[in-house]
Amino acid sequence: MEQQEINKMIAFFHTEEPVSCQWEDTWTEEDDFRTIVFVEYPEGKFVIKAAWNFTTPERVTGWVEMINNFREMGYYCPMLRKSRNGNYAEVLEVQGKNFVVWEEEFTKYFLPKAVKDKPKTADGKRYLYVDEMREFVAKVGQKQFSNTWGDSLWVRLASVGWAETDEVTDCVEQFKKLVKEKAPRFAGRLDRVLVLFRENQEKLEQVYFNLPTSVFQADTGDNNLLLDEEGHFRGVLDYNLSGKDTVLNMTFEAIWYGGNESPCPSEDKGLMSYYCKEYTDAKFERYLEGLRKFREYYEFTEEEADAAMPLYCYIMTIGYNEIEVVKKYADDDDKMNQMFDWIEAELTRNDIDFRSAMLK
């Protein structure tokens, strides 16, 4: 964004020039461009955001209801502010592209990286705010909120925003293309795992669309969590991915990605450490422990317990790590076979007791 466009963004919400103004382009992909502007006035600080091809005025307006729901639950979320035209979102044309522009209050809390001496859980495994964040997600699930403005961008088995497929299907297609191009000698193994993947997907489709839903913020990485000065979770910001989703999918998101916990327990953070036994064992313990914590605040159904294994297999077996392995090790038979062995084993296992972790 140039200064001229920044001035236009500010003018949607303010008549006077700010005391100070800083901005940065936070995302500059070919099909996704986002800008954030920090402005300060005598009456306070505000954050103006612009996004192209990532959201719509209708979604932004819908966020207000979600924010109010969360605040009524006792959690903090920065409020959206209406423009001078009385709208929660405006549209700014920049070089033929229509950017959606909105303004939020400046948060009164802190990102985790800004808080020192954060308390840990009694067992010392993680920061306490991670458990507190999961409690928040579970309570939102129990509320089973509804909306009319759209699904989350983490949604499964459906198109996502501007994309024709969900993120998982997109990864599978990338993986398939790369193996065929860079490692065609593994065509047989590729076919086998794709058959297993489709069989699992069909199992998931039979139950998934009847699972309980709610309206979630849907992106619980550290950059979106808000803590107080003592390091306790107080709320969330950044609503770009928010929307309606199944409680089970958001439970898995919060357990696996929430709080940016390192997903790999190995000292070796390389791509292949993903496939070691130590990692796999720790991963399932993390899932089961997380589910047991969730059920303190959310009552899982029998249908959700039945869907847990196929959902896990759908989202956790062919993803970005596998794509990177093919890119880096296409000529290494040992590493390629190790990856395919792991995918096949994960897609065929039935020894994870999700039910006992989920149902009281």
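These numbers were taken from a predicted model, which means no experiment stands behind them.

J.: Describe the overall build of the chain, and please don't skip the residues or the numbers.
T.: The secondary structure content of the chain amounts to 11 helices and 10 strands. Expected size for 360 residues packed as a compact globule is a radius of gyration near 21 Å; at 22 Å, the chain falls within 12% of this value. Per-residue burial over the chain gives 53% buried out of 360 residues. Put simply, 74% of the contacts in the chain that link residues at least 6 apart link residues at least 24 apart. Carbon and sulfur atoms form 45% of the exposed surface of the chain, whose accessible area is close to 17300 Å². With 45 positive and 68 negative side-chain charges, the chain shows a spacing of 2 Å between the two charge centroids.

J.: Give me the packing of aromatic side chains: which residues, what numbers.
T.: Two descriptors summarise a pair of aromatic rings, namely the distance from one centre to the other and the angle between the planes of the rings. On inspection of all chains with the given rule, the structure shows 28 aromatic pairs. Taking the centre distance of 5.8 Å and the plane angle of 85° together, the rings of Tyr-287 and Tyr-312 count as edge-to-face. Here Tyr-312 lies in helix H8 (residues 302–316) and Tyr-287 lies in helix H7 (residues 277–294), a separation of 25 residues in the sequence. An aromatic cluster is present here, built from Phe-252, Trp-256, Tyr-274, Tyr-275, Tyr-279, Phe-284, Tyr-287, Tyr-312, Trp-342 and Phe-354 joined pairwise through their rings. Lying over the aromatic face of Tyr-127, Lys-118 brings its terminal NZ or CZ to 5.0 Å of the ring centre. The positively charged end of Lys-120 is found above the aromatic ring belonging to Tyr-127, 5.4 Å away from the centroid.

J.: Could you give an account of empty space enclosed by the protein, with specific residues and numbers?
T.: Summed over the entire model, instances satisfying the criterion amount to 2 cavities of 30 Å³ or more. Approximately 60 Å³ is the volume attributed to the largest cavity. Residue lining of the largest cavity: Phe-70, Phe-136, Val-137, Val-140, Phe-216, Gln-217, Ala-218, Thr-220, Met-250 and Glu-253, and that is the complete set. For the lining of the largest cavity, the secondary structure elements donating two or more residues are helix H3 (128–143) and helix H6 (247–256).

J.: For the confidence of the model for the chain, give the residues involved together with the corresponding values.
T.: Residues at a pLDDT of 70 or more form 96% of the chain, whose mean pLDDT is 93. Here residues 264–268 is modelled with pLDDT under 50, and outside its nearest four sequence neighbours on either side it reaches 9 contacts, counting other chains as well.

J.: Lay out the side chain of Glu-90 with the relevant residues and their values.
T.: With respect to the helices and strands, Glu-90 occurs in strand S5 (residues 90–94). The side chain of Glu-90 is buried and forms no salt bridge, while Arg-84, the nearest opposite charge, is found at 9.1 Å. For Glu-90, the side chain forms a polar contact with the side chain of Ser-83, separated by 2.6 Å.

J.: Just give me the short version of the pairing of strand S1 (residues 20–29), but keep the residues and values in it.
T.: Pairing analysis gives 9 bridges linking S1 to strand S2 (residues 32–41), with the strands arranged antiparallel. For Ser-20, the partnering residue across the bridge sits in S2 and is Glu-40. Here S1 folds back onto S2, and the loop between the two strands holds 2 residues.

J.: Give me the pairing of strand S6 (residues 97–105): which residues, what numbers.
T.: As defined by bridge partners, strand S3 (residues 44–52) adjoins S6 across 6 bridges and the pair is classed as antiparallel. When the bridges of S6 are listed, Phe-46 appears paired with Glu-105. Summarising the sheet, strand S4 (residues 80–81) and S6 pair through 2 bridges and their orientation is antiparallel. Bridge assignment links Leu-80 to a residue of S6, and that residue is Glu-104. The sheet contact formed by S5 and S6 spans 5 bridges and is antiparallel.

J.: I'd love a proper account of helix H4 (residues 167–182), names of residues and values included.
T.: In a regular helix each residue adds 1.5 Å, so 16 residues correspond to 22 Å; H4 covers 22 Å between its end C-alpha atoms and thus fits that length. Taken together, the buried positions of H4 are occupied by Val-168, Thr-169, Cys-171, Val-172, Phe-175, Leu-178 and Val-179. Elements in contact with the buried residues of H4: helix H5 (187–208), H8, helix H9 (320–329) and helix H10 (333–348).

J.: Report on the packing of H6 against H8, specifying residues and quantitative values.
T.: The geometry of H6 relative to H8 is characterised by a closest axis approach of 10 Å and an angle of 55° between their N-to-C directions. When the axis of H6 is compared with that of H8, the two are oblique. The interaxial crossing formed by H6 with H8 has right-handed handedness. The segment H6 lies against H8, with Val-247, Leu-248, Asn-249, Phe-252 and Trp-256 engaging Glu-304, Ala-307, Ala-308, Leu-311, Tyr-312, Ile-315 and Met-316. Residue composition of the contact of H6 with H8, grouped by class: 10 nonpolar, 1 polar and 1 charged.

Rules used in this analysis
- Residues numbered from 1 in each chain as written.
- Predicted model: local features only at pLDDT ≥ 70, side-chain atom pairs only at ≥ 80, totals over all residues.
- Heavy atoms only, no water.
- Helix = DSSP H or I, 4+ residues; strand = E, 2+ residues; numbered from the N terminus.
- Rg over C-alpha atoms; globule rule 2.2 N^0.38 Å.
- Buried < 20%, exposed > 50% of the residue type's maximum accessible area, 1.4 Å probe, protein only.
- Contact = heavy atoms within 4.5 Å.
- Areas by Shrake-Rupley, 256 points an atom, 1.4 Å probe, with all protein chains shown as cover.
- Lys, Arg positive; Asp, Glu negative; His and termini not counted.
- Charge placed at Lys NZ, Arg CZ, Asp CG, Glu CD.
- Phe/Tyr/Trp six-rings, centres within 6.5 Å; stacked < 30°, edge-to-face > 60°.
- Lys NZ or Arg CZ within 6 Å of the ring centre and 35° of its normal.
- 1 Å grid on protein atoms, 1.4 Å probe; cavity = no way out; pocket = protein on both sides within 12 Å on 5 of 7 lines; lining within 4 Å.
- Points joined across faces, edges and corners; volume = space filled by probe spheres on them.
- pLDDT = per-residue confidence, 0-100.
- Salt bridge = Lys/Arg side-chain N within 4 Å of Asp/Glu carboxyl O.
- Polar contact = N/O pair within 3.5 Å; in protein donor to acceptor, adjacent residues only side chain to side chain.
- Pairing = 2+ DSSP bridges.
- Expected span 1.5 Å × (residues − 1).
- Axes fitted to C-alpha atoms, helices over the stretch in contact; angles between N-to-C directions.
- Parallel < 35°, antiparallel > 145°, perpendicular 65-115°, else oblique.
- Left-handed = near helix turned anticlockwise from the far one by under 90°.
- Nonpolar A, V, L, I, M, F, W, Y, C, P; charged D, E, K, R; others polar.

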